[in-house]
Amino acid sequence: MKKLIGILLVALPLLAASAHKYYFSVTQADYDTNSKSIKMVTRVFYDDLEKVFQERYDPSIKVDKSYDQKKLDGYIQKYFKQKLIVTVNGKEQELHYLGHKDEVDYVVCFIEIKEVTNPKSIEIENTLLMDLFPDQKNVVHLHVGSTKKSFLLNRENDKAMLKLSE
């Protein structure tokens, strides 16, 4: 009995620590003056993305190399167009999904917004994964010229706004 209690005393804190999970994504958005576009890179944990896709679209979706990559890209594109909204100078922009690559724990997604001239303000609404994970946090880094700003978004505050000097 003492041995069982000893094992539980060691194992329970470890199990409790592993049961608590942090939910976050990171998006880097850079304005490229040469191509007059905003280039975005979003990193999201593959298991969180898989869970939201299974809930929203199809329980058989796998966010890994074993799944049809064209089909997976279609789901990513569809989801990001609903959950990542970019407005430049008060006008909503069209996202051009370029693809993704797999990293160890996360999926890296590449997006471009074309034909952006003379941005005075850029707003990014990022609600990725917030519908499934109430504690989701999305970090957004915006970079235009010499102006850089970072934002921590959550359910109550899901928009990042960068106003540039005229």
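Here, every reference points to the structure presented above.
For clarity, every value in this text was computed on a predicted model and none was experimentally measured. (Residues numbered from 1 in each chain as written. Predicted model: local features only at pLDDT ≥ 70, side-chain atom pairs only at ≥ 80, totals over all residues. Heavy atoms only, no water.)

**Q** Mind showing me how you'd approach the environment of Leu164 here?
**A** Structurally, Leu164 can be placed in the segment after β10 (159-163). Sequence separation of Leu164 and Asn118 is 46 residues, and the distance between their C-alpha atoms is 9.9 Å. Filtering out sequence-adjacent residues up to four positions away, Leu164 remains in contact with Pro119, Lys120, Val144 and Thr147. (Helix = DSSP H or I, 4+ residues; strand = E, 2+ residues; numbered from the N terminus. Contact = heavy atoms within 4.5 Å.)

**Q** Can you help me understand the nonpolar core in this one?
**A** Here is a general trend for soluble globular proteins: nonpolar side chains tend to be buried in one another's company. If you look at the biggest cluster of nonpolar residues, it comprises 40 residues, and the most contacted ones within it are Ile38, Met40, Leu49, Phe53, Ile76 and Ile124. In terms of residue count, helix α3 (residues 69-83) provides more of this core than any other element does, 5 residues in total. Contacts of Ile76, omitting those with residues within four sequence positions, involve Leu49, Phe53, Tyr97, His100, Val107 and Cys109. (Core = buried A, V, L, I, M, F, W, Y, C linked by side-chain atoms within 4.5 Å. Buried < 20%, exposed > 50% of the residue type's maximum accessible area, 1.4 Å probe, protein only.)

**Q** I'm lost on the sheet that holds strand β9 (residues 147-153) in this one. Help?
**A** Picture the strands of a sheet paired through backbone hydrogen bonds; they go either parallel or antiparallel. Spatially, the 6 strands line up as an open sheet ordered β5-β6-β2-β1-β8-β9, and their pairing is mixed. The sheet is open, and its two borders are formed by β5 (96-102) and β9, each paired with just one other strand. The average undirected angle you get between the axes of adjacent strands in this sheet is 15°. With 7 bridges joining them, strand β8 (residues 137-144) and β9 adopt antiparallel strand pairing. When the bridges of β9 are listed, Asn138 appears paired with Leu153. Against the sheet, helix α2 (residues 46-56) contacts β2 (37-45) and β6 (106-113), and its axis sits at roughly 90° relative to β2. Against the sheet, α3 contacts β2, β5 and β6, and its axis sits at roughly 125° relative to β5. (Pairing = 2+ DSSP bridges. Axes fitted to C-alpha atoms, helices over the stretch in contact; angles between N-to-C directions.)

**Q** What's the story with the sheet that holds β10 in this structure? I'm lost.
**A** With antiparallel pairing, the 4 strands of this open sheet are ordered in space as β4-β3-β7-β10. Two strands bound the open sheet, and with one partner strand each, they are β4 (91-92) and β10. Of the strand pairs in this sheet, strand β3 (residues 84-88) and β4 are connected by 2 bridges, and their pairing is antiparallel. Bridged to Thr87 within β4 is Glu92. Packing against the sheet, α3 makes contact with β3 and β7 (121-126), and its axis sits at approximately 55° to β3.

**Q** Teacher, can you tell me more about the packing of α2 against α3 here?
**A** Between two packed helices, what matters for the description is the angle formed by their axes and the separation of those axes. α3 packs onto α2 with a crossing angle of 85° between their chain directions and a minimal axis gap of 11 Å. Looking at the two axes, α2 sits roughly perpendicular to α3. Contacts from Leu49, Val52, Phe53 and Arg56 in α2 reach Leu72, Tyr75, Ile76, Tyr79, Gln82 and Lys83 in α3. For the contact of α2 with α3, the per-class residue count stands at 7 nonpolar, 1 polar and 2 charged. (Parallel < 35°, antiparallel > 145°, perpendicular 65-115°, else oblique. Nonpolar A, V, L, I, M, F, W, Y, C, P; charged D, E, K, R; others polar.)

**Q** What is the right way to look at unusual backbone geometry in this model?
**A** A negative phi holds for most residues other than glycine; trans holds for most peptide bonds. We note that Glu115 has phi near 55°; this positive angle belongs to a residue other than glycine. Take Glu115: it is sitting in the loop between β6 and β7. Located in the positive-phi region is Asn118, a residue other than glycine, with phi close to 50°. In this structure, Asn118 sits in the loop between β6 and β7.

**Q** When you look at the side chain of Asp158 in this model, what are you seeing that I'm missing?
**A** For Asp158, the position within the fold is in the loop between β9 and β10. Of the side chains with opposite charge, Lys159 lies nearest to the buried Asp158, which makes no salt bridge, at 5.0 Å. (Lys, Arg positive; Asp, Glu negative; His and termini not counted. Salt bridge = Lys/Arg side-chain N within 4 Å of Asp/Glu carboxyl O.)

**Q** Looking at this model, I keep getting lost on α3. Mind explaining?
**A** Since there are 3.6 residues in each turn of an α-helix, residues three or four apart along the chain are aligned in direction. If you check α3, its first and last C-alpha atoms are 21 Å apart, about what 15 residues at 1.5 Å a residue would give, namely 21 Å. Among the residues of α3, those classed as buried are Leu72, Tyr75, Ile76, Tyr79, Phe80 and Lys83. Mapping the buried residues of α3 onto a view down its axis gives an arc of 125°, with all of them on the same face. Looking at the buried side of α3, the elements it contacts are β2, α2, β3, β5, β6 and β7. Here α3 starts with a cap whose side-chain oxygen sits 3.0 Å from the backbone nitrogen of Lys70, and that cap is Asp68. (Expected span 1.5 Å × (residues − 1). Arc of directions from axis to C-beta. Polar contact = N/O pair within 3.5 Å; in protein donor to acceptor, adjacent residues only side chain to side chain.)

Shape is all these values report; function is a separate question.
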